[in-house]
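Chain and residue survey
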Amino acid sequence: MRGWLGRWFVATALVLSAGSARGAGMEEIKRLYDARDYAACLNFIAHGGTWDVMDPQVWYYRAGCKLALGDYAAARAEYTQVLGKWPEDANTYLGRALAAAHLGCGERVKRDFEAAATLDAKRTEQYRAATAKEIEACLARVPKESMPDLLASLKTAASAEEPIEQLAVRGERLARAYNAARFEKEEAFGDRLRELRAAALAEPKNAERLALLGEFLVSPSVMRTVTFDGRSGKTRIALTGSDTAKADRVVNAALQIDPKNVRALTQKMLICQAANDPDHGIEWARQALRVDNNGDAARFYLDYYSLVAGKLTAQATNLRSIKNHDEYRGNVRYTVTTYPSEADKARADALDAQADDMRRKAVVPLVELIKEKGDSAEGLMLQAEFAQWRGKYDEALAKADAAIKVDFFDQDAHDFIVELAPKVFRMELAHQHDTILQNFVNPWAGRALEEVWTLFPKKKWDDCLRELATAERLNPADASAPAFRMAVAARQNNGEVVM
């Protein structure tokens, strides 16, 4: 087990001197980079050469150039892209750590140094020693105050007509506070994948660890502590990067060890679902339900047999229908009407009975799970989904709202409302919960600012200011809000000074 799992995860180290991007072009990139002519190197990467633009080694050099030139956000993103292809290269983690330090993200610095140390401890200590003062100075510039306090201080200083140079420093501190707390999904994906694969490699005969890895590859997500409107709690953040092909191999290995591992069985079902293969998926769902009921399998079971029942009902309807077709006899066209025979009607009745029986059986796992979970957040969400399946949308929204009252940070409940509310023309409700979801990831004021765009041409200044106050509360670092405030103040012509 360790052999194939190790080969899959332990990629060949990114040896910069070897040059995976072929040809003289790559040699020129390396020459310019080693000569520290970073601007020329970036220009050459962008416009010349015969290399593969998707080669991670090219990305690595591009990231290094941007780091050296002070484009820290772009460098950090480029290094993350490299790690997606080369997850075992210590140099890339170290480069990203330095970029993150300049952005004020101490937690990312810590994580990347830890990851690098597991790959190349000697190189990591050398780099740590060489960059310690630089990183310490960068992180020391991260303000201790909260973003709302920093914004309030900036607005007070602007109202007092503080010189623009000092205001710029205050604005930079606010931006640095935002960057320090910013959540990057791609980085979180790499962190969690690294943790799960290390656990699987440590115990390659542990079916549950393999199943957890497979589950992550099917539906990547991480738990994260978030704050919204003064409340803090843990929520599950969905990530991108699903890889069902790799997941299938990992889950198969888990099932070889433990054929009754429910997590692995459920993931096999979801892999079939992603491949649009419901007939095989239902077999895995049945196996999972025989071992232990769970929400994913119960939903799949309900959806599958509801679809089959719907097809049977459609066949029954077709058998009972009166059909017309045209026939020509000579030059005369006749319309021929065919009525269902008694045999057709009997067959239709049998199909309807079969469909009704299938629908009754389809709900059993979900209903049993609803009884088991009761009025917990999970139980209320199962009730919401069951109500939606029965076409009772208002009841479904009420149940989802009840789930949020139990656990405000239940991402699934908010997402459910965002998807369902527009079907009953409750767009404002959908927007409200979409704003909450967005802010679970990072501070986001997009919806309030969109509303300002709508209100501004109508000259509804008080409403604009109300929405701008909401925007500043949600994301104090978004420069769009003060820019809009300045525009509103100019239209009101009341002399308000706004930065």
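Report follows, based on the coordinates. Every chain begins its residue count from 1, and numbering advances along the sequence as written. Only residues with pLDDT of 70 or above have their local features reported here, since the model is predicted, and side-chain atom pairs are shown and tallied only from 80 upward, although totals for entire chains, interfaces and linings are computed over all residues. With hydrogens and water set aside, each side-chain value is computed from the structure's full complement of heavy atoms.

Moving on: the state of the cysteines. The disulfide criterion is simple: two cysteine sulfur atoms within 2.5 Å. Tallied over the entire structure, the rule returns zero disulfides. In this structure Cys-138 is not part of a disulfide, and its nearest cysteine sulfur, from Cys-105, lies 12 Å away. The class of Cys-138 is buried, set by a relative accessible area of 2%. The buried label goes to any residue with under 20% of its type's maximum accessible area, the exposed label to any with over 50%, and the partly exposed label to all in between, with areas taken from a 1.4 Å probe on protein chains only.

Each helix corresponds to a stretch of at least 4 residues labelled H or I by DSSP, and each strand to a stretch of at least 2 residues labelled E; elements are numbered beginning at the N terminus. Residue position: Arg-176 is located in helix α10 (residues 164–181). With a relative accessible area of 10%, Arg-176 lands in the buried category. In this view, Arg-176 contacts His-102, Leu-103, Gly-104, Cys-138, Arg-141, Val-142 and Pro-143; residues no more than four positions away in its chain are not counted. Residue contacts are defined here by distance: any two heavy atoms, one from each residue, within 4.5 Å place the two residues in contact.

Next up on the list: the pairing of strand β4 (residues 332–338). For two strands to be treated as a pair, DSSP must find at least two bridges joining them. Pairing of strand β3 (residues 323–329) with β4 involves seven bridges; the strand directions are antiparallel. The partner of His-325 across the bridge, within β4, is Val-336. The antiparallel hairpin formed by β3 and β4 contains two residues in its connecting segment, where Gly-330 sits at a positive phi of about 70 degrees.

Bringing the packing of helix α5 (residues 72–85) against helix α6 (residues 90–102) into the picture now. Here the axes come from fitting lines to C-alpha atoms, over the contacting stretch only for helices, and the angles between their N-to-C directions go from 0 to 180 degrees. Close contact between α5 and α6 brings their axes to 9 Å; oriented N to C, the two are set at 155 degrees. As judged from the angle between their axes, α5 and α6 are roughly antiparallel. Crossing geometry of α5 relative to α6 is assigned as left-handed. Between α5 and α6, the residues in contact are Tyr-72, Ala-75, Arg-76, Tyr-79, Thr-80, Val-82 and Leu-83 and Thr-92, Tyr-93, Gly-95, Arg-96, Ala-99, Ala-100 and His-102, respectively. We call Asp, Glu, Lys and Arg charged. Ala, Val, Leu, Ile, Met, Phe, Trp, Tyr, Cys and Pro are nonpolar, and the rest, Gly among them, are polar. Residue composition of the contact of α5 with α6, grouped by class: eight nonpolar, four polar and two charged. Oblique is the label for every angle not falling under 35 degrees (roughly parallel), over 145 degrees (roughly antiparallel), or within 65 to 115 degrees (roughly perpendicular). Helix crossings fall into two classes, left-handed where the near helix is turned counterclockwise from the far one by less than a right angle and right-handed where it is turned clockwise.

With phi around 65 degrees, Arg-36 is a residue other than glycine that occupies positive phi space. Its identity is not glycine, yet Asp-229 carries a phi of approximately 50 degrees, on the positive side. Residue placement: Asp-229 occurs in the loop between β1 (221–228) and β2 (231–238).

Working definition: a ring pair exists when centres of Phe, Tyr or Trp rings (six-membered ring for Trp) sit within 6.5 Å. Plane angles under 30 degrees give stacked, over 60 give edge-to-face, the rest tilted. The full count for this structure, using the stated rule, is 17 aromatic pairs. With centroids separated by 6.0 Å and ring planes inclined at 20 degrees, the aromatic side chains of Phe-228 and Phe-408 adopt a geometry described as stacked. Remark: Phe-408 occurs in the loop between α20 (393–406) and α21 (411–420) and Phe-228 occurs in strand β1; sequence separation between them is 180 residues. With respect to burial, Phe-228 and Phe-408 carry one shared label: buried. Grouped by ring-pair contacts, the aromatic residues Tyr-33, Tyr-38, Tyr-60, Tyr-61 and Tyr-79 constitute a single cluster. It is Arg-231 that lies over the ring of Phe-408; its NZ or CZ is 3.7 Å from the centre. A ring is considered to have a charge above it if a Lys NZ or an Arg CZ atom is located within 6 Å of its centre and within 35 degrees of its normal.

So far we have only geometry, and geometry alone does not tell us how the molecule works.
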